[in-house]
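Here is what each chain is made of, one letter per residue.
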Amino acid sequence: MNTRQTSSKQPPNWLTMPTRLSWWVLLLTMLMVIAATIGGKNLYFRGDYNIFFDGENAQLRAFDEIQTTFAKSDNLAIVIAPKSGNVFEPKTLTLIQRLTQDAWQVPYSSRVDSLANYQHTEATEDDLIVEDLLLDEYSLTPERIAKVKQIALSEPVIKHSMISEKGDVSVVNITVQLPEVDETAEVLEVVAAVNQMIAQYQVEHPDVEFHKAGIIAMNHAFMVAAQDDSSTLVPTMLLVILLFLTLMLRSVLSVVATLVVIIGSVAATMGLSGWAGMFLSTATVNIPTLVMTLAVADCVHVIATMRQNMKLGHSKRYAIDQSVSVNFMPIVITSITTAIGFLMMNMSDSPVLRDFGNLAALGVMIACLLSLSMLPAMLRILPIKVNAVDAHNPEPSDVMDKLGDWVVRNRKVLLPVSAVVIAVSASLLPLNKINDESVKYFDSRSEFRRAADFMEERISGMSNINIVVKSDESQGIADPTYLQTIGDFSKWLREQPETDHVATLSDVYKRLNKNMHGDENSYYTLPLDRELAAQYLLLYEMSLPYGLDLNNQINVDKSSIKMVATVANLGSVEMVDLENRIYAWFNQHAPQYQVVASSPTLMFAHIGETNMASMLATLPITLILISALMIFSLRSLRLGIISVVPNMAPAVIGFGLWALFSGEINLGLSVVVTLTLGIVVDDSVHFLSKYQRARKQGQNAEQAVRYAFHTVGRALWITTVVLVAGFSVLAMSSFRLNADMGQLSAIVIFIALVVDFVFLPALLMKFDTASYSQDEPQTANATTNSATTSPATTQLQS
């Protein structure tokens, strides 16, 4: 005969405050949320690439040194592609001339380089003529255009840089010197001016295609990606959450209460970040989406347990108190473990990922606080009703009960099968390779990505490496040995398969030497006489117009030069490999010179690798902390140790699957292990707490597993669906770092549910065979000796 008993154990007074002092608790929490939210007025947005690197980053320090020594190279390149496929037509050449002139009016422009103002040199008797290639004084006759074409397509300085090999695409490059007072606003100002200029020319030249490229365009792309995410993903996430909660909780008022907690958690998190002086970035702009998702998980457990108690005929206040009492420790431990996972992102080499982790951890703890205070108070105040179930006619067995029965029946098969799946997934992990390609941070919806792909196909890649070679001697660049080294290295660099273009001073020297010898082709060599080389360069520099000097290639005391290698849009592995080959060449052929190589592309190439290394280094610490918390919360060394494998298995399986359909680990994916480790603990904590509760009340392992499925299975299913939906919305981001992070996190979180529904119960039934001290009263609706009784009639109550 089944008998229903109820524990007389009452929750401590401080846990029942939300139901005893509902209005006061609600008022106090609302005031705290409002006070935190006010800090949001201090938030501002930064979209430049510098935010991904901190001051200790070796590549950033090298790049800053190059930028300080030489003229800054922040640029915006306007790509001009006539549909006729021929730049060398009067109307297109005239367009380039006009565009070059107008480009000087772009805010903060310090230099404009194009086919029009390329400083071509040639000898006329004893004179050196230095003038614009498309000088206005020359009419664009067929003869003049033929000469311009011959020069443009043969001169290594501009071929693959200002003009494509086929002569079908040209580039006007605008170098800007941003004041860096408000770099985001300054970038927007530059792009707005260029957009206005292009729009005007597009109307006049509908048969010409225009694209924007360069560092300024990339910075702008970061901003656009963030704006797109905040304007589309956050509302989408909110709608997804409301839809799923309404369908699964089947209570509009419960959804309203959850919504208030979600909004309060997000508002307080972003407000406190404003008080802390933080800024929004491409990464942190998605914090609202993440906090929404995590806040729902806490609320669902409280509401689901409350409704279960009310179905059994208990009063709403009693049901809420018991729900908070039962779920308090699992929610707190889950929140702490999730926060630990996010806080471990502080070991990342990227400041914005550290900010992302800190804000997410803050949001998790705020959601935890509000779900255990504001939510119960609102549930007590709102007129929520649940139809009680007749004790003599219980509800028919639901899906979770059937799943629990199936797992118990098949436990002997599920355990080895699960172990094999985990082992196979682990064997696939080495197939993943770290490979970052900064251009591909943006998907095909991005204007910048389309421009980058177009440039790579038609003229050259957008990636580059700045290479500084120091002679450590004033006027040392005229030294014949130094010049010969630069010439040899430039030749070697051009021969590398990745290289599209090399801007090097050796080409200028060769051209000047040829000019000074009557334009004889045989003299297109380096002048290996120190005084002669110095005189050539001085004569050339004195002939250059304002704004087109050589300070972007030579430092002040002429002891160093800067070369720029433009390469295909490579992944980080290929980029770092090329960098290493550059250093190796100098170590072998010219060890006496100090060489510094860096660029934004190279910085991004390095950071994914270093970030993954730092994240993997913190993984053991994260595991130890989370395992210690599990052992503490469950007060069971055995259950804590058993939980380690199911907590790690989802990441192993997830990355194993990733190896099969992608295999590339970028900067965003390098944090997924630590990011998801805390979140996946949510399932195992709640499952184990209910399992342990049943064991302490006299149930054997099989009965306890059934009880866990019955009491918490549906809540775990709801929270997983919402978490997966949240990260799937993030996967819709046009910014690939966020999209890949969201996609893999969703996979890992879903796998976590499967593991905790299949592998964890099988482990428990196999290894948790010891008897428990029954420190709680028996409260089961169970027949005394039946290990196979359906959970529909085996209900433990608080």
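All figures in this text were calculated on a predicted structure; none of them were measured in a lab. Every chain is numbered independently, its residues counted from 1 as its sequence is written. Side-chain atom pairs in this predicted model are given and counted only at pLDDT of 80 or more, local residue features only at pLDDT of at least 70, and totals for whole chains, interfaces and linings cover all residues. Where side-chain values are given, they derive from all heavy atoms of the structure, hydrogens and water being excluded.

Here's the deal with the domain arrangement of the protein
- With domains assigned, the protein is organised as domain 1 (19–48 + 215–387), domain 2 (71–206 + 455–598) and domain 3 (398–431 + 601–769).
- The centre of domain 2, based on its C-alpha atoms, is set 53 Å off from the matching centre of domain 3.
- The contact criterion used throughout is that any non-hydrogen atoms of two residues lie within 4.5 Å. With nine residues of domain 2 at the contact, the number on the domain 3 side is five residues.
- Throughout, the accessible surface (probe 1.4 Å) given up by two parts as they are put together, summed over both, is called the buried area. In this assembly, domain 2 packs against domain 3 so that about 600 Å² is buried in total across both faces, 71% of it on carbon and sulfur atoms.
- The rule for a salt bridge is simple: a side-chain nitrogen of Lys or Arg has to be within 4 Å of a carboxyl oxygen of Asp or Glu. Between domain 2 and domain 3 we count zero salt bridges in total.
- What counts as a helix is a DSSP run of H or I of at least four residues, what counts as a strand is a run of E of at least two, and both are numbered from the N terminus. Put simply, the parts of the chain that give the side of domain 2 that touches domain 3 at least two residues each are strand S8 (463–470), helix H19 (572–589) and strand S11 (594–598).
- Element by element, the count of residues in the side of domain 2 that touches domain 3 is highest for H19, at four residues.
- Classifying every residue of the side of domain 2 that touches domain 3 gives four nonpolar, four polar and one charged. Residue ranges for the domains trace back to a domain assignment, done automatically or taken from a database. Following the grouping adopted for this structure description, the nonpolar residues are Ala, Val, Leu, Ile, Met, Phe, Trp, Tyr, Cys and Pro, the charged ones are Asp, Glu, Lys and Arg, and the polar ones are all others, Gly among them.

Looking at the environment of Gln692
- Structurally, Gln692 is set in helix H22 (residues 672–696).
- The buried label applies to any residue whose accessible area, calculated with a 1.4 Å probe on protein chains only, is under 20% of its type's maximum; exposed applies above 50%, and partly exposed to all values in between. The buried category is assigned to Gln692, whose relative accessible area is 8%.
- Sequence spacing of Gln692 and Arg380 is 312 residues, and the spatial spacing of their C-alpha atoms is 29 Å.
- Residue contacts for Gln692: discarding those within four places in its chain leaves Leu634, Ser636, Leu639 and Tyr772.
- A distance of 2.4 Å separates a polar atom in the side chain of Gln692 from the backbone oxygen of Leu634. Pairing of N or O atoms within 3.5 Å defines a polar contact, subject to two protein rules: one partner must be a possible hydrogen donor and the other a possible acceptor, and residues neighboring in sequence count only if both atoms are side-chain atoms.

Some remarks on the UniProt feature "domain: SSD" (unreviewed entry) in the protein
- Per the UniProt record, "domain: SSD" (unreviewed entry) is annotated on residues 256–381 and 639–766.
- Helix makes up 81% of residues 256–381 and strand 0%, and the two end C-alpha atoms of the span are 12 Å apart.
- The distance from the first to the last C-alpha atom of residues 639–766 is 12 Å, and the span holds 85% helix and 2% strand. UniProt positions are given in the numbering used here, feature names are shortened, and annotations may be inferred rather than shown by experiment.

Here's the deal with the sheet that holds strand S2 (residues 109–113)
- Ordered in space as S2-S5-S1-S6, the four strands form an open sheet in which the pairing is antiparallel. Looking along the sheet, the strands with just one partner apiece sit at the ends: S2 and strand S6 (208–213). The sheet shows a mean angle of 20 degrees between the axes of neighbouring strands, taken without regard to direction.
- Taken together, the six bridges between strand S1 (residues 75–82) and S6 define a ladder with antiparallel strand orientation. Across the sheet, Pro82 pairs through a bridge with Val208, a residue of S6.
- Along the sheet, helix H4 (residues 90–103) makes contact with S1, S2, strand S5 (170–176) and S6, crossing S5 at roughly 5 degrees.
- Here an angle of 0 to 180 degrees is reported between the N-to-C directions of two axes, which are lines fitted to C-alpha atoms, with helices fitted over the stretch in contact. Sitting on the sheet, helix H6 (residues 183–204) is in contact with S1, S5 and S6, with an inclination near 175 degrees to S6. Two strands qualify as a pair provided that DSSP identifies no fewer than 2 bridges between them.

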